[in-house]
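These are the residues of each chain, in order.
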Amino acid sequence: MPKIDLSKLEARTGSIYPAPYDAEMEGRSSLRVGDAGGLTQFGANIVILAPGAKSSLRHWHVEQDEFVMVTQGICTLVDDQGETQMTVGDCATFPANDGNGHHFINNTDDEAHFLVIGTRTPTETAWYSDLDLKISVDATGFNFTRKDGTPLKGDDK
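Our subject in this report is the structure included herewith. (Residues numbered from 1 in each chain as written. Predicted model: local features only at pLDDT ≥ 70, side-chain atom pairs only at ≥ 80, totals over all residues. Heavy atoms only, no water.)

## Remarks on the pattern of salt bridges
Step number 1: Inspection of every chain in the model, using the stated rule, returns five salt bridges.
Step number 2: Two residues, Arg-58 and Asp-80, come together in a salt bridge whose shortest N-O distance is 2.6 Å. A residue pair is termed long-range when its members are at least 10 positions apart, and Arg-58 in the loop between β3 (42-49) and β4 (59-61) and Asp-80 in the loop between β6 (75-79) and β7 (82-86) qualify at 22 residues.
Step number 3: With a relative accessible area of 41%, Asp-80 lands in the partly exposed category. (Salt bridge = Lys/Arg side-chain N within 4 Å of Asp/Glu carboxyl O. Helix = DSSP H or I, 4+ residues; strand = E, 2+ residues; numbered from the N terminus. Buried < 20%, exposed > 50% of the residue type's maximum accessible area, 1.4 Å probe, protein only.)

Written as structure tokens, this is what we have:
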């Protein structure tokens, strides 16, 4: 049956970001609903933000589109145009390679949830708008570097 029982999915916490950036993801978790249903062409996740938590570092994707819809609570979208409050049912789109760095922050005292759907591509590069940081992804995995491709020292910020 294609119906996914969300109560049986294990929430993923933590981050793939290198130190010290990984600490900024405290209070963020996600349910991999697309993976649970066997989807391979796009990802679908429910992101859960505790009060004060953020979804990611502010970033944009070269090859992958993203779609977001708030499903519970209130999120603040932070992008190149500033801050926009989003409530249940509000949607946002981030086309591949548009250069609009974005993330979501829960500035309330209640938990917030949003559904994010994004393209899956064999390779990807994402740029972090507020940091000298980029990620490159291919079949061998992912690699974080400075924007010019030089290695991180581990204490960069």
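And the narrative resumes.
## A word on the nonpolar core
For soluble globular proteins, nonpolar side chains are generally found buried alongside one another.
Step number 1: Counting 14 residues, the largest nonpolar core has Leu-49, Cys-75, Phe-104 and Phe-114 as its most contacted members.
Step number 2: Residue assignment for this core shows that the elements contributing at least two residues are β3, β5 (66-72), β6, β8 (91-94) and β10 (112-119).
Step number 3: Residues in contact with Cys-75, not counting those within four places in the same chain, are Leu-49, Val-70, Thr-84, Gln-85, Met-86, Phe-104, Ile-105, Ala-112 and Phe-114.
Step number 4: Counting 10 residues, the second-largest nonpolar core is a separate cluster that includes Tyr-17, Ala-126, Leu-133 and Ile-135. (Core = buried A, V, L, I, M, F, W, Y, C linked by side-chain atoms within 4.5 Å. Contact = heavy atoms within 4.5 Å.)

## A few points about the pairing of β5
Step number 1: In terms of strand pairing, β5 meets β8 through four bridges, oriented antiparallel. Bridging from a neighbouring strand, Phe-67 pairs with Thr-93 of β8.
Step number 2: In the sheet, β5 pairs with β10 via six bridges, with the strands oriented antiparallel. Across the sheet, Val-70 pairs through a bridge with Phe-114, a residue of β10. (Pairing = 2+ DSSP bridges.)

## Looking at unusual backbone geometry
Step number 1: Omega for the bond connecting Ala-19 with Pro-20 falls within 30 degrees of zero, at 5°, which places this linkage in the cis form.
Step number 2: With respect to the helices and strands, Pro-20 occurs in the loop between β1 (12-13) and β2 (28-31).
Step number 3: Notably, Asn-97 is not glycine yet its phi reads approximately 65°, a positive angle.
Step number 4: Relative to the elements of secondary structure, Asn-97 occurs in the loop between β8 and β9 (103-105).

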